[in-house]
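Each chain is listed here by its residues.
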Amino acid sequence: MTEERPAVVVRDIRKSYGELKAVDGVSFTVAEGEFFGILGPNGAGKTTTLEIIEGLREPDSGEVRLLGESPWPRNVKLLPRIGVQLQASSFFEKLTAKEQLQTFGSLYGVSPGTAADMLELVGLADKANEQENKLSGGQRQRLSIACALVHDPDVVFLDEPTAALDPQARRNLWDVLRAIRERGKTIVYTTHYLDEAEILCDRVAIMDEGRILALDPPAVLVRGLDAPTHVMVQKGVLSVVDASALDGVEEAHENEVTLTISTRQPAPVLSALAERGALDGLQVRTATLEDVFLNLTGREYRA
Amino acid sequence: MTAFRTLSLAMLKGFVRDKVTLFFTFLFPLMFLVIFGLILRDVGADKTRIAVVGDGQVVSALRDSGVLELEQYDDVDAAVQKVKDGDLPAALIVRGQQLEVRFAQSDQVKSATVLGIVNGFVDKANVAATGQPPRFTFSAEKVEDASLKPIQFLTPGILSWGVAVSAVFGSALTLVSWRRKQVLRRIRLAPVSATSVLSSRLLVSTGVALVQGGIFVGIAMLPVFGLKLSGSWWLAIPLLLLGTISFFALGMLVGAFAKTEEAASAAANIVVLPMAFLSGTFFPVEQAPAWLQAVSKAFPLRHMNDGMLDVLVRGKGVEALAVPAAVLAGFALVVGFLASRVFKWEE
């Protein structure tokens, strides 16, 4: 991460569709090699922001610098250096996975052999000769990412790559995203999964109603909340009264299976529990980005 | 260049692997060619049948000539009844030297034909009976006239129609589906020009048109159908290519307006079907009323039909292509320009 030469600079961009302010004064900088997440519920303006950076739309006002250049109007010099993944269905009809990659690769002058190698990266080597419409949702999603990467771009834009995938497919895709990152690419991606952004991103921008509400590494955002940590143990190892009496405990309650202790000092509480041998079924849940979102907007997060 | 080649290959593969498209491109027009070709094969070859009672010199002369088909009856009443029932236009009753024709009044053209023929044979027999050489003689010779055997006009018509359908549908559906699936957008984000994308699709369409031409003409030339090509048939190739470009442009225009594949398909049908009927695909447009012929001149398919007919079967030379080529090229330019104006990269 070098601060001197950012991959993406966005300065106060705005875009309205009639009355609707889709993007309402967004600014941020993405460093080279950074994994940057834009997160927020549907309709928050994530996709429009991404499209403006990619050069697909012109902002009403504001400025975008992508690798030091302006992406709008269509900047042919810039195009080979950026990779954009669109919907999971953006494929040519009736072509196999390998042929899709080779065709997209040819648009950038990539040799067919190199293009086919991308299948390895996304774990689809055994599906090379399957037609695109015979692949599962997760496989198609990985193929579309491979198509975005086929020309070895410096900056990769992924718009909700994990949307509508089952948990297993999502996890497989995380491995792919990490592998891309290890190749030194800058990744800008949108998601509405807060847990995922927390795991993958160096920094996240939380967006709602066209504005960025917060922008920091996930851990900083969560820590900044100063929310209590929840320590949970099996019911019966300790009574609610005894638990409430421990040092640093703010509140304790139990249901049929679990005793939950809220505290802002989890370390002394945990050692006190350990002394009493009351750690059966221990779980510790700290605040998540979901809590951050709730705190910022005052409403429950709905993907 | 590699982008152009790979894109063409990708689209060709997509085309060949799509069974529905293959059906509508090759088999569907072929079905029309086969069905109409077989139904209309014997039109005009039907001979008039009449009932005959009795026999004699005139009857055997008639039978030998084969101009009428004779149905022999023993009973006068039975023969006349056939005429009364409307099954046969006339009955010829022979009583020795006396010949009598009973004919149905309803079909005057047929009866007149029968009367004329029988009369002619009776006169001939009379002349022969005098032993004198006839004073006046006449001979008949066949002339190749402008009216064609059905397969001769069906093949150029159905070929033009088939090419038009696949070019319009091919470009309209590709455009709409690529826009919907954001393939267009993906292409726009790659450093390729719109021209190479467009021309690769056009290359596939023209290739398909040439294959269509080869298959349709080849099948029509089978002995069952009996198409005979003129010496200048190869002039059909430039016409075929020009037609494909025109209808490709039309498809781009349709595709620019349609939001979904279903809408594009419906719109393409609305454009192509009436045009096909009014342009002489299934029947020679000369048989249509004059106003309809005038209307049909507005359609590019009509001119493509005319050109095809002239060079494929009428044996006309390159001069016959002047008007069709000018109309098709003009149409392609105007419609192509409009299509480029209303073209949208995304929904």
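Definitions and limits used
- Residues numbered from 1 in each chain as written.
- Chains lettered and ligands numbered in written order.
- Predicted model: local features only at pLDDT ≥ 70, side-chain atom pairs only at ≥ 80, totals over all residues.
- Heavy atoms only, no water.
- Helix = DSSP H or I, 4+ residues; strand = E, 2+ residues; numbered from the N terminus.
- Rg over C-alpha atoms; globule rule 2.2 N^0.38 Å.
- Contact = heavy atoms within 4.5 Å.
- Areas by Shrake-Rupley, 256 points an atom, 1.4 Å probe, with all protein chains shown as cover.
- Lys, Arg positive; Asp, Glu negative; His and termini not counted.
- Charge placed at Lys NZ, Arg CZ, Asp CG, Glu CD.
- Domains from an automatic or database assignment.
- Patch = residues over 30% accessible without salt bridge, like charges linked within 9 Å, V, L, I, M, F, W, Y side chains within 5 Å.
- Salt bridge = Lys/Arg side-chain N within 4 Å of Asp/Glu carboxyl O.
- Buried < 20%, exposed > 50% of the residue type's maximum accessible area, 1.4 Å probe, protein only.
- Expected span 1.5 Å × (residues − 1).
- Arc of directions from axis to C-beta.
- UniProt positions renumbered as here; feature names shortened; annotations may be inferred.
- Axes fitted to C-alpha atoms, helices over the stretch in contact; angles between N-to-C directions.
- Parallel < 35°, antiparallel > 145°, perpendicular 65-115°, else oblique.
- Left-handed = near helix turned anticlockwise from the far one by under 90°.
- Nonpolar A, V, L, I, M, F, W, Y, C, P; charged D, E, K, R; others polar.
- Core = buried A, V, L, I, M, F, W, Y, C linked by side-chain atoms within 4.5 Å.
- Pairing = 2+ DSSP bridges.

Some thoughts on the overall build of chain B
(1) Moving on: Each helix and strand in chain B was counted, giving 13 helices and 4 strands.
(2) Moving on: In summary, chain B has a C-alpha radius of gyration of 29 Å against a globular reference of 20 Å for 347 residues, an excess of more than 25%.
(3) Moving on: When its C-alpha atoms are laid out on the principal axes, chain B stretches across 95 × 40 × 35 Å.
(4) Moving on: Relative to all contacts within chain B whose residues are 6 or more apart in sequence, the contacts with residues 24 or more apart total 71%.
(5) Moving on: When the accessible area of chain B is evaluated, it comes to approximately 18,100 Å², of which 64% is carbon and sulfur surface.
(6) Moving on: For chain B, the separation between the mean place of its 32 positive charges and that of its 26 negative charges on side chains is 16 Å.

Here we look at the domain arrangement of chain B
When the parts of a complex come together, some accessible area is lost, and that lost area is often taken as the interface size.
(1) Moving on: Segmenting chain B into domains produces domain 1 (2–41 + 148–342) and domain 2 (48–130).
(2) Moving on: Summarising the inter-unit geometry, the C-alpha centres of domain 1 of chain B and domain 2 of chain B are found 52 Å apart.

Examining a nonpolar patch on the surface
Residues and elements named next belong to chain B.
(1) Moving on: Together, Val20, Phe23, Phe24, Leu27, Met31, Ile35 and Ile39 give the surface a local cluster of nonpolar side chains, amounting to about 640 Å² of exposed area.
(2) Moving on: Assignment of secondary structure puts methionine 31 in helix α2 (residues 19–39).
(3) Moving on: Classification of methionine 31 by relative accessible area gives partly exposed; the value is 36%.

A few points about helix α5 (residues 167–182) of chain A
Residues and elements named next belong to chain A.
(1) Moving on: For α5, spanning 16 residues, the distance from its first C-alpha to its last is 23 Å, which sits close to the expected 22 Å at 1.5 Å a residue.
(2) Moving on: Looking at α5, one finds that the buried residues are Ala169, Arg170, Leu173, Trp174, Val176, Leu177 and Ile180. Considered in projection along α5, the buried side chains sweep an arc of 165° and stay on one side of the axis. Seen from the buried face of α5, the exposed residues on the opposite side, beyond 90 degrees, are Pro167, Gln168 and Glu182.
(3) Moving on: On the buried face of α5, the contacting elements are β3 (35–39), α3 (112–121), α4 (137–149), β6 (155–159), β7 (186–191) and α6 (194–200).

Observations regarding the UniProt feature "transmembrane region" (unreviewed entry) in chain B
All names here are of chain B.
(1) Moving on: Listed under "transmembrane region" (unreviewed entry) in the UniProt record, and renumbered for this structure, are residues 20–40, 158–178, 202–227, 233–254, 266–285 and 321–343.
(2) Moving on: Between the first and last C-alpha atoms of residues 158–178 the distance is 29 Å; the span itself is 100% helix and 0% strand.
(3) Moving on: Structurally, residues 202–227 is divided into 73% helix and 0% strand, and its ends, taken at the C-alpha atoms, are 30 Å apart.

So, the packing of α2 of chain B against helix α8 (residues 194–220) of chain B
Residues and elements named next belong to chain B.
(1) Moving on: Look at α2 against α8: their axes get within 11 Å of each other, and the N-to-C directions meet at 30°. Considered as vectors, α2 and α8 are oriented roughly parallel to each other. The handedness of the crossing between α2 and α8 is right-handed. Contacts between α2 and α8 involve Thr25, Phe26, Pro29, Leu30 and Leu33 from the first element and Val208, Val211, Gln212, Ile215, Phe216, Ile219 and Ala220 from the second.
(2) Moving on: Its residues placed into classes, the contact of α2 with α8 shows 10 nonpolar, 2 polar and no charged.

Regarding the nonpolar core
(1) Moving on: Among the nonpolar cores identified, the biggest contains 113 residues, and Leu101, Leu143, Ile180 and Leu289 of chain A together with Phe247 of chain B are the most heavily contacted of them.
(2) Moving on: Here this core takes 14 residues from helix α6 (residues 150–180) of chain B, the largest share from any one element.
(3) Moving on: When near neighbours in sequence (up to four residues on either side) are disregarded, leucine 101 of chain A contacts Ala115, Met118, Leu119, Leu143, Ala146, Cys147 and Val150 of chain A.
(4) Moving on: In this structure, Val23, Leu56, Leu66 and Leu67 of chain A belong to the second largest nonpolar core, which totals 30 residues.

Considering the sheet that holds strand β4 (residues 61–66) of chain A
All names here are of chain A.
(1) Moving on: Taking strand neighbours across the sheet as the criterion, the 3 strands line up as β2-β1-β4 in an open arrangement whose pairing is antiparallel. Looking along the sheet, the strands with just one partner apiece sit at the ends: β2 (20–30) and β4. Strand-to-strand twist across the sheet, computed as the mean angle between neighbouring axes with direction ignored, equals 20°.
(2) Moving on: Bridge count between strand β1 (residues 8–17) and β2: 8 bridges; the pairing is antiparallel. Within β2, the residue paired with isoleucine 13 across the bridge is valine 26.
(3) Moving on: On the sheet, helix α1 (residues 46–54) packs against β1, β2 and β4 and is oriented at approximately 120° with respect to β1.

Observations concerning the pairing of strand β12 (residues 258–263) of chain A
As a general feature of sheets, a regular strand has side chains that alternate between the two faces.
All names here are of chain A.
(1) Moving on: For β12, a buried count of 6 out of 6 residues is recorded, marking the element as mostly surrounded by other parts of the structure.
(2) Moving on: A two-sided burial pattern is seen for β12, the buried positions comprising Thr258, Thr260 and Ser262 on one face and Leu259, Ile261 and Thr263 on the other.
(3) Moving on: Pairing analysis gives 6 bridges linking strand β10 (residues 229–234) to β12, with the strands arranged antiparallel. Note on β12: the bridge partner recorded for valine 233 is leucine 259.
(4) Moving on: By the bridge criterion, 5 bridges tie strand β11 (residues 249–254) to β12 in an arrangement that is antiparallel. Residue pairing in the sheet places valine 249 in a bridge with threonine 263 of β12.
(5) Moving on: Joining the antiparallel neighbours β11 and β12 is a turn of 3 residues.

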